[in-house]
Amino acid sequence: MKITFLGTGTSQGIPVIGSTHPVCLSENPKDRRLRVSVLISWEKYNYVIDCGPDFRQQMLTHKVNRLDGILFTHEHADHTAGIDDIRPFFFRQGDIPIYAHKRVANSLKTRFDYIFADENRYPGAPAVDVRLIEKDCPFKIGDLEALPIEALHNRLPVFGFRIKDFVYLTDIKTISEEESEKVKGAKALVVNALRKEPHHSHFNLEEALEFVHRMKPEKAYFTHISHLLGFHDEVEKELPKDVHLAYDNLVINL
């Protein structure tokens, strides 16, 4: 299974529009971050977790010519706003499966009604095959099983996912002991680390490191990073062995 980090930035991306912050002015490619998403590939299958505003650019960069489905963590725009850009996949393949909690699916139906219309769907709009997912209910993607992991993004429930020995969690601030049990034993854990200062709805760096220490994965990668975390290369040097900052276009194999 191959994991490609399509984007590792927070909701504004890096650089932030109009910002003169030193990280936003950095010429290091690892300091330039699109909105968070990962591509999970194995055998003939390609699935993405979330499709934010940079989805089209990400698909072109990685020459993705088939999409077997999208797993949504939650409804915020930086994780969903690219859904219209599934059109080329729809034109070639037909309805694109999406996996989402009922609340998230309802939000998408409201915001993108022309995609979800049962009748008189707008000509040229893509269509989706909505597959509702629930806490504690594993579901099939291709020939593998995905297990939802529930956490809280401030007070909003969000889903992470475990697929074999890979765990992906983003936009989390708190997670119960029960749900944390689903993370343990992972070979690769991806989790958000927004910045060094505390934040009301995201792990900061200290919280992310503490979570990794408790979960004890073989390797951990931090994502959903803001410019306030600092320069990639400098922060990377401060991290423990087998804990890394993810960066756009990083590929790991499991």
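Residues numbered from 1 in each chain as written. Predicted model: local features only at pLDDT ≥ 70, side-chain atom pairs only at ≥ 80, totals over all residues. Heavy atoms only, no water.

(A) Spotlight on the pattern of salt bridges. What the rule picks out here adds up to 16 salt bridges. A salt bridge links Asp136 to Lys182, with the nearest nitrogen and oxygen atoms 2.8 Å apart. Of this pair, Asp136 sits in the loop between β6 (128-132) and β7 (139-141) while Lys182 sits in the loop between α6 (177-180) and β11 (188-192), placing them 46 residues apart in sequence. Given a relative accessible area of 43%, Asp136 falls into the partly exposed group. Here Arg214 ties to Glu210 by a salt bridge, and the two come within 2.9 Å at their closest N and O atoms. With a gap of four residues between them, Arg214 and Glu210 both fall in helix α7 (residues 205-215), about one helical turn apart. Residue classification places Glu210 among the partly exposed positions, given a relative accessible area of 40%. (Salt bridge = Lys/Arg side-chain N within 4 Å of Asp/Glu carboxyl O. Helix = DSSP H or I, 4+ residues; strand = E, 2+ residues; numbered from the N terminus. Buried < 20%, exposed > 50% of the residue type's maximum accessible area, 1.4 Å probe, protein only.)

(B) A look at the pairing of strand β8 (residues 144-153). Two elements, β7 and β8, share three bridges in a ladder whose sense is antiparallel. Within β8, the position partnered with Ile141 by the bridge is Leu144. The turn linking β7 back onto β8 is made up of two residues, and Gly142 within it adopts a positive phi angle of 60 degrees. Across eight bridges, β8 lies against strand β9 (residues 156-163) in antiparallel orientation. The partner of Leu152 across the bridge, within β9, is Pro157. Connecting β8 to the antiparallel partner β9 that follows it, the hairpin turn spans two residues, and Asn154 within it adopts a positive phi of roughly 60 degrees. (Pairing = 2+ DSSP bridges.)

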